[in-house]
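Understanding the architecture of this molecule
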Amino acid sequence: MRDIVIAITAASYSGNKGATAMLQSSIKQLYDIYGHRLNINLMSTYPMEDKKQVPHDFVKVISCKPEALVFIAFPLSILYIMLKWIRPVGYLIEKNEIIKAFKNSDLVIDEAGVSFVDNRGLIMNIYAFICAAVPMLVGTPVVKYSQALGTFNSIINRTLAKIILPKCKLICARGQITLANLKEIGIEKNVILCADGAFTMEDSIYWNQKISKITEEDEFYKNNVVGLSISSVVEKKCIKLNIDYKKVMIEFINYLNKEDYHVLLIANAARMNSNKTRNNDLIVCDSVYEGITNQDMVRWYHKEMDAEEIRAYIGKCRVLVASRFHAMIGGLEQKVPVLLIGWSHKYQEVLDMFHLGRFTIDFSELQFDTLKKEFENFMEHENEIKQKILDNLETVQTSSRLNIEYVNKILNDIEINSKKKAGLLNINNPDIYLGEHIACRMGYSSDEVIRRNAASGGMVTALLCHLLETNQIDGAWVTKSVIENGKLNYSTYIATTTDGIKDCSSSIYMDMPLLKHINLVKEFQGKVAVVLTPCLMRALTIIMEEDIALKDKIVLKLSLYCSGNHLQRATLLPLEKLGISLQNANRIYYRRGHWRGMSTVVYQDGTEKSLSYTKTICAYKNAYFFAKNPCMTCQDHFGKTSDISFGDIWLKEMKNNPIKHTSCIIRKKRALVMYQSAVKAGTIIDKHISNAEIVHSQKRALVFKYNCAKAKVAYYNKQGKSIPIDISAKCKWNHKLAYYLANKNNEYSKNYYDRLKKIPMPLIYYYMCFIRVLLSF
């Protein structure tokens, strides 16, 4: 099935932990629905910090700082909508990282907690407009996740809202006041009511256990604990009204301590090592803590906590006095009574869902005496408040889940009607190429020695060694190249030691009839993993269906991506032309080292001779000289009958990575368990890779196998033959020419070998490059 790609804006892991709570909740629910198909582009205003804190490998952090969005991406998106029909211009605009991320996403979820609010000011409302406009201009629909909107009394704010909000795919209003505000400006059709997304953030077992241990060991938490969420936002608003917010908080804490309450200071927004107050309550909390009389009765942790960690601490409080909106949400979710100090209707409409709207204080009326009076009244109704939370929480959480339920419906419609293409290849149905599978991963062996001799990241070798060491297999059927008496050959055997597996860690690019050695497996006593090319794996699978004993013995089938197999002459001819003799040699490594690597002939005395793989062996191979005839029409590139298939990642962004990676496609649950055991043991270092990225990484091979298919069928029809292959892919003139040249090259190499020997190898290399260009568009 196709990837689901979602861009999330106005949320981050660092800074505002309310935004983090919404982010965690939405991503968890989305992953529960889409699993390994899910890919998130997090459009982050704090990219460096978020990259350090992101907990999921399928979340890609995209730098989307306000200045880059407003002054670069927004103008580019306007140019894009005007000039995208001029393909070179559209192509250049799509090079912008922000534009590219939005363009390649199926849907944008705007998780701003509040937007288009009069008292946020002109700049913030223009920014909210641009956040929604940029993805819309490049053709990606936008959903406004549960948030507060309005009022719209300002002419500019009202105008901006009326332009952009009706164009949103969906607006999730966070409460009745927001619904009324939207209705006032005529926006109703694309609006639904959904409670705040953070209500459905799951508690963390890890943090609950850790915080429980901390609080059990600290006598402080055994007394009445009042949680106090202090906000830099409320402080700024109070300053404008000449209200000393910090002084009020200090006086309130001193009062609470005199009344024998302990106080836990909470920074629900934090940015370590930053002296800026935006999304950062650490500075104001420090000031308040320094000013209180009895610090022994106060706990203040100067650090940036996870959203789940904060919520676990709130759960240890008797009551919560909150100036941060999502601290309030955390208190309600933890069934802790909340007294709110707020600045917007966004607080009121959420508390109204619990029939607790009267337990709020507007920041404009904040004075110590007022706060003290409201707190005393609040505590008199503590039990009543607790009961109302209990009575209404489940209903509110059900409403919160509607956010993702509606997003899911929208994504289902997008998926059904999607016409998104990855250039030449169909990423709407990547299973055409990949086969049925349950996960895609990329990674490398943690053992540098294994990687040194591997063609790519050494994942196959690392996995087999781990399975052998943990007794999940008793042997592995592996193969290596050998040179005997100056002749190129191969050796295949059941390896029962890790050294035996490691000795076969490099790819081999020559025809090997391995199934004639099937008795090696049949006669072996124990569980076996096998490594074969796709065509041999298909044949083995058929044999296993007829031989139950063999089927029981082979517990893991590993296949290697294969663009086609070749006769030995594809190796021997370039060696001969370079004057590299095989006499007294014992081994050839086809590819070692970074990216495409080097080919190396190893001699018995330990000396080596290396050559450029790309400009020699690969040149003949990728120009389809000496190809096996069945490989010219085979479409099983990824080994669809295997349990796991492995191969290279030929993506531009991987070229400069100091460690070469391998991608893999996992098809069976048992194989996934085995693979995950290697990852858990640290044998394999891995992360997420999307279906589309795997398809892209093998683009030219797939274009030859699928887009050239009609040309292949036409060729065989002229010979009075038929071939059962998929011809649905578009076959352009360049694909026909590529197949024509490939087919002629294959015939020429077999019929006119002596003539081919006389053609300079650099000419073969550039000729191969020309064919690869033909397969690139």
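Scroll up for the structure.
Residues numbered from 1 in each chain as written. Predicted model: local features only at pLDDT ≥ 70, side-chain atom pairs only at ≥ 80, totals over all residues. Heavy atoms only, no water.

As for the overall build of the chain
Along the backbone of the chain there are 34 helices and 27 strands. In terms of overall dimensions, the chain has a C-alpha envelope of 100 × 60 × 45 Å along the principal axes. Here the chain holds 777 residues, and the buried ones make up 59% of them. A separation of at least 24 residues holds for 72% of the contacts in the chain among residues at least 6 apart in sequence. (Helix = DSSP H or I, 4+ residues; strand = E, 2+ residues; numbered from the N terminus. Buried < 20%, exposed > 50% of the residue type's maximum accessible area, 1.4 Å probe, protein only. Contact = heavy atoms within 4.5 Å.)

Considering the sheet that holds strand 27 (residues 684-688)
The eight strands lie next to each other as 19-18-20-21-25-26-17-27, forming an open sheet whose pairing is mixed. Edge strands, defined here as strands with exactly one partner in the open sheet, are strand 19 (487-495) and strand 27. Here the strands of the sheet are splayed against their neighbours by 30° on average, with no regard to which way each runs. Bridge count for strand 18 (residues 475-484) against strand 19 is nine bridges, and the pairing is antiparallel. Within strand 19, the residue paired with I483 across the bridge is L488. Of the strands in this sheet, strand 20 (528-532) and strand 21 (554-560) are in contact with helix 23 (residues 534-546), which crosses strand 21 at around 155°. (Pairing = 2+ DSSP bridges. Axes fitted to C-alpha atoms, helices over the stretch in contact; angles between N-to-C directions.)

Digging into the packing of aromatic side chains
Throughout the structure, instances matching the rule amount to 30 aromatic pairs. Their ring planes at 15° and their centres at 5.0 Å tell us that Y31 and F58 sit as a pair that is stacked. You can see Y31 sitting in helix 1 (residues 17-34) and its partner F58 sitting in the loop between helix 2 (47-53) and strand 4 (59-63), a full 27 residues away along the chain. In this structure Y31 comes out as partly exposed when scored by relative accessible area, which is 37%. Centre to centre, the rings of Y624 and F704 are 4.2 Å apart; their planes meet at 20°, and the pair counts as stacked. Within this pair, whereas Y624 is found in the loop between helix 26 (617-622) and strand 25 (644-648), its partner F704 is found in helix 30 (residues 699-707), the two being separated by 80 residues in sequence. Among the residues examined, Y624 registers a relative accessible area of 6% and is labelled buried. The aromatic ring of Y765 is capped on one face by K615, whose charged end is 5.6 Å from the ring centroid. (Phe/Tyr/Trp six-rings, centres within 6.5 Å; stacked < 30°, edge-to-face > 60°. Lys NZ or Arg CZ within 6 Å of the ring centre and 35° of its normal.)

Regarding the sheet that holds strand 24 (residues 608-612)
Across the sheet, three strands lie side by side as 22-23-24; this open sheet has antiparallel pairing. What marks the edges here is a single partner per strand, and that holds for strand 22 (585-592) and strand 24. Strand-to-strand twist in this sheet, taken as the mean axis angle between neighbours without regard to direction, amounts to 15°. Two strands pair when backbone bridges link them, and strand 22 and strand 23 (residues 598-603) are joined in this way by five bridges, in the antiparallel orientation. Residue pairing in the sheet places R592 in a bridge with M598 of strand 23.

Comments concerning helix 30
Taken across its nine residues, helix 30 has seven buried, putting it largely inside the fold. By the burial criterion, the buried members of helix 30 are A701, L702, V703, F704, K705, Y706 and N707. Tucked inside the fold, the buried residues of helix 30 contact helix 18 (431-434), helix 29 (691-697), helix 31 (709-718) and helix 32 (733-751).

Quick notes on a nonpolar patch on the surface
On the surface, a cluster of nonpolar side chains totalling about 260 Å² of accessible area is made up of I78, I81 and M82. Considering the arrangement of structural elements, one finds M82 in helix 3 (residues 66-83). (Patch = residues over 30% accessible without salt bridge, like charges linked within 9 Å, V, L, I, M, F, W, Y side chains within 5 Å. Areas by Shrake-Rupley, 256 points an atom, 1.4 Å probe, with all protein chains shown as cover. Salt bridge = Lys/Arg side-chain N within 4 Å of Asp/Glu carboxyl O.)

Regarding the side chain of N39
Along the chain, N39 falls in strand 3 (residues 38-44). For N39, a relative accessible area of 10% puts it in the buried group. Of the polar contacts made by the side chain of N39, one reaches the backbone oxygen of R37; its length is 2.9 Å. For N39, the side chain forms a polar contact with the side chain of H688, separated by 2.6 Å. If near-sequence neighbours (up to four positions away) are discounted, N39 is found in contact with D3, I4, V5, I6, F58, H688 and S690. (Polar contact = N/O pair within 3.5 Å; in protein donor to acceptor, adjacent residues only side chain to side chain.)

Comments concerning a positive patch on the surface
On the surface, K60, K95, K100 and K652 cluster together into a positively charged patch. Of note, K652 is situated in helix 27 (residues 652-655). (Lys, Arg positive; Asp, Glu negative; His and termini not counted. Charge placed at Lys NZ, Arg CZ, Asp CG, Glu CD.)

So, the side chain of N96
Relative to the elements of secondary structure, N96 occurs in the loop between helix 4 (87-93) and helix 5 (97-103). At a separation of 3.0 Å, a polar atom in the side chain of N96 contacts the main-chain amide nitrogen of I99. For N96, the residues in contact, after removing those within four places along its chain, are I72, A73 and L76.

Structural notes on the pattern of salt bridges
Here the structure, examined in full by the defined rule, presents 33 salt bridges. Across the salt bridge formed by R441 and D686, the nearest N and O atoms sit 2.7 Å from each other. Within this pair, whereas R441 is found in strand 17 (residues 439-445), its partner D686 is found in strand 27, the two being separated by 245 residues in sequence. Salt-bridge contacts for D648 lead to R591; the nearest nitrogen and oxygen are separated by 2.8 Å. Placement of the pair is D648 in strand 25 and R591 in strand 22, with a sequence separation of 57 residues. Its relative accessible area of 12% is what places D648 among the buried residues. Here the residues in one salt-bridge network are K28, D32 and E202, joined through shared partners.

Structural notes on the nonpolar core
By size, the foremost hydrophobic cluster in this structure holds 85 residues, and its most contacted members are M249, M328 and F375. Broken down by element, this core gets its largest block of residues, eight residues, from helix 11 (residues 245-258). What F375 contacts, discounting residues up to four positions off in sequence, is V226, F252, Y255, L256, Y261, V319, V321 and L339. By size, the runner-up hydrophobic cluster in this structure holds 52 residues, among which are A570, F704, A709 and I764. (Core = buried A, V, L, I, M, F, W, Y, C linked by side-chain atoms within 4.5 Å.)

Considerations on the packing of helix 1 against helix 17 (residues 382-417)
Put simply, helix 1 and helix 17 touch, their axes get as near as 10 Å, and they point 45° apart. With respect to helix 17, the axis of helix 1 lies oblique. Along this stretch, helix 1 crosses helix 17, giving a crossing that reads as right-handed. Between helix 1 and helix 17, the contacting residues are S26, Q29, L30, I33 and Y34 on the first element and R401, I404, V407, N408, L411 and N412 on the second. Its residues assigned to classes, the contact of helix 1 with helix 17 comprises six nonpolar, four polar and one charged. (Parallel < 35°, antiparallel > 145°, perpendicular 65-115°, else oblique. Left-handed = near helix turned anticlockwise from the far one by under 90°. Nonpolar A, V, L, I, M, F, W, Y, C, P; charged D, E, K, R; others polar.)

Regarding the state of the cysteines
The full count for this structure, using the stated rule, is zero disulfides. No disulfide involves C194; its nearest neighbouring cysteine sulfur is the one of C172, lying 4.0 Å away. You can call C194 buried: its relative accessible area is 0%. Free of any disulfide, C634 has its nearest neighbouring cysteine sulfur in C631, separated by 6.5 Å. (Disulfide = S-S within 2.5 Å.)

Describing unusual backbone geometry
Between G150 and T151 the backbone carries a cis peptide bond, its omega angle lying at 5°. Tracing the backbone through its elements, the reader meets T151 in the loop between strand 7 (142-149) and helix 7 (155-164). With phi around 60°, N273 is a residue other than glycine that occupies positive phi space.

What to know about the pairing of strand 7
By the criterion of burial, strand 7 is predominantly enclosed, with eight of the eight residues buried. Bridging between strand 6 (residues 114-115) and strand 7 involves two bridges; their strand directions are parallel. Paired with V114 across the bridge in strand 7 is A148. In this region the chain leaves strand 6, passes through helix 6 (residues 122-137) and returns to the parallel neighbour strand 7; the handedness of that crossover is right-handed. Bridge count for strand 7 against strand 8 (residues 170-173) is three bridges, and the pairing is parallel. Note that in strand 8 the partner of K144 across the bridge is I171. With respect to chirality, the unit in which strand 7 leads through helix 7 into the neighbouring parallel strand 8 is right-handed. (Right-handed = clockwise from strand over helix to strand, strands pointing away.)

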